[in-house]
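What follows is the residue order along each chain.
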Amino acid sequence: MTDTIIFHNPKCGTSRNTLALIRNAGIEPRVVAYLEAPPTRDELVQLIRDCGLSVREVLRSKGEVYDALQLDDPKWSDDQLIDFMVAHPILINRPIVVTPKGTRLCRPSELVLDILTQAQTGPFTKEDGEVVIDAQGRRVK
């Protein structure tokens, strides 16, 4: 069983790049398709706490659900926002990665490099053409 978990949305380029960086380190993570199998309320609260972020920082502020619920209104408490994320997992920003070295919302995707337990094994270029890891497996930026 792997000790690396990614809460992943395969339709998201940042999530795909993050997963690819994990695999480029020779790690096969447990991939949680959180839109199909969302975290429980308690799990989500723990993930947010472990990321060291506010609830609003983990709330995805793009899309129809966010707009329809008018979640930009400051009237919503953290508890209410968490309830919305549990009811509508698309509101959970992604990808969130958990490793023995920490938990991180990996936006941009290269933030995952700070919490991986193994070094990159070779070059890596994001889907948009941005080089992140050079031929020697070193971080470019």
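As shown above, the structure is provided for reference.
Report on the accompanying structure. Only a predicted model underlies this, so the values are computations on that prediction, with no experimental measurement involved.

Definitions and cut-offs
- Residues numbered from 1 in each chain as written.
- Predicted model: local features only at pLDDT ≥ 70, side-chain atom pairs only at ≥ 80, totals over all residues.
- Heavy atoms only, no water.
- Helix = DSSP H or I, 4+ residues; strand = E, 2+ residues; numbered from the N terminus.
- Rg over C-alpha atoms; globule rule 2.2 N^0.38 Å.
- Contact = heavy atoms within 4.5 Å.
- Areas by Shrake-Rupley, 256 points an atom, 1.4 Å probe, with all protein chains shown as cover.
- Core = buried A, V, L, I, M, F, W, Y, C linked by side-chain atoms within 4.5 Å.
- Buried < 20%, exposed > 50% of the residue type's maximum accessible area, 1.4 Å probe, protein only.
- Pairing = 2+ DSSP bridges.
- Axes fitted to C-alpha atoms, helices over the stretch in contact; angles between N-to-C directions.
- Arc of directions from axis to C-beta.
- Phe/Tyr/Trp six-rings, centres within 6.5 Å; stacked < 30°, edge-to-face > 60°.
- Lys NZ or Arg CZ within 6 Å of the ring centre and 35° of its normal.
- Polar contact = N/O pair within 3.5 Å; in protein donor to acceptor, adjacent residues only side chain to side chain.

1. Quick word on the overall build of the chain
Looking only at helices and strands, the chain features five helices and six strands. Counted from the first residue to the last, the chain has its helices and strands arranged as β-α-β-α-α-α-α-β-β-β-β. Radius of gyration (C-alpha) of the chain: 16 Å, near the 14 Å computed for a compact globule of 141 residues. For the C-alpha atoms alone, the extent of the chain along its principal axes is close to 50 × 30 × 25 Å. Residue pairs at least 24 apart in sequence account for 56% of intrachain contacts in the chain once pairs closer than 6 positions are excluded. Only carbon and sulfur atoms are counted for the fraction: they give 50% of the accessible area of the chain, which is about 7500 Å².

2. Some words on the nonpolar core
With 23 residues, the main nonpolar core has Phe7, Leu71, Met85 and Ile96 as its most contacted residues. Only strand E1 (5-8), helix H2 (41-51), helix H3 (55-58), helix H5 (78-87) and strand E3 (96-99) provide two or more residues apiece to this core. Among all residues touching Ile96, those that are not within four sequence positions of it are Ile5, Ile6, Phe7, Leu47, Cys51, Val58, Thr103, Arg104 and Leu105. Residues Ile27, Val112, Ile115 and Val132 belong to the second largest nonpolar core, which totals 15 residues.

3. Digging into the sheet that holds strand E4 (residues 102-105)
One open sheet accounts for four strands, arranged E2-E1-E3-E4; its pairing is mixed. With partners counted over all chains shown, the strands left at the sheet margins are strand E2 (30-33) and E4, one partner each. With direction set aside, neighbouring strand axes in the sheet form an average angle of 15°. Examined bridge by bridge, E1 and E3 share three bridges and lie antiparallel to one another. By the bridge assignment for E3, Ile5 is matched with Val98. Helix H1 (residues 13-24) contacts E1, E2 and E3 of the sheet and is inclined by roughly 160° relative to E1. Strands in contact with H2 are E1, E3 and E4; relative to E4, the strand with the most contacts, it is inclined by about 95°.

4. Thoughts on H5
Burial in H5 covers these residues: Leu81, Ile82, Phe84 and Met85. All buried residues of H5 lie within an arc of 155° about the axis, which places them on one face of the element. Contacts from the buried residues of H5 go to H2 and H3.

5. Overview of the packing of aromatic side chains
One pass over the full model with this rule turns up one aromatic pair. Taken together, a centroid distance of 4.9 Å and an interplanar angle of 90° make the contact between Trp76 and Phe84 edge-to-face. You'll find Trp76 and Phe84 in the same group, each marked buried. Directly above the aromatic system of Trp76 lies the positively charged group of Lys75, at a separation of 4.6 Å from the ring centroid.

6. A closer look at the side chain of Asn9
Inspection of the secondary structure puts Asn9 in the loop between E1 and H1. Among the polar contacts made by the side chain of Asn9, one reaches the main-chain amide nitrogen of Lys11 at a distance of 2.9 Å. Once you skip the residues sitting within four places of it in the chain, Asn9 turns out to touch Ser15, Tyr34, Leu35, Ile90 and Arg94.

7. Here's the deal with the environment of Thr103
Its location among the elements puts Thr103 in strand E4. Separated by 12 residues in the primary sequence, Thr103 and Leu91 place their C-alpha atoms 18 Å from one another. Setting aside its immediate chain neighbours within four residues, Thr103 contacts Leu47, Asp50, Cys51, Ile96, Val97, Val98 and Ile115.

Purely spatial values, then, with no claim about function.
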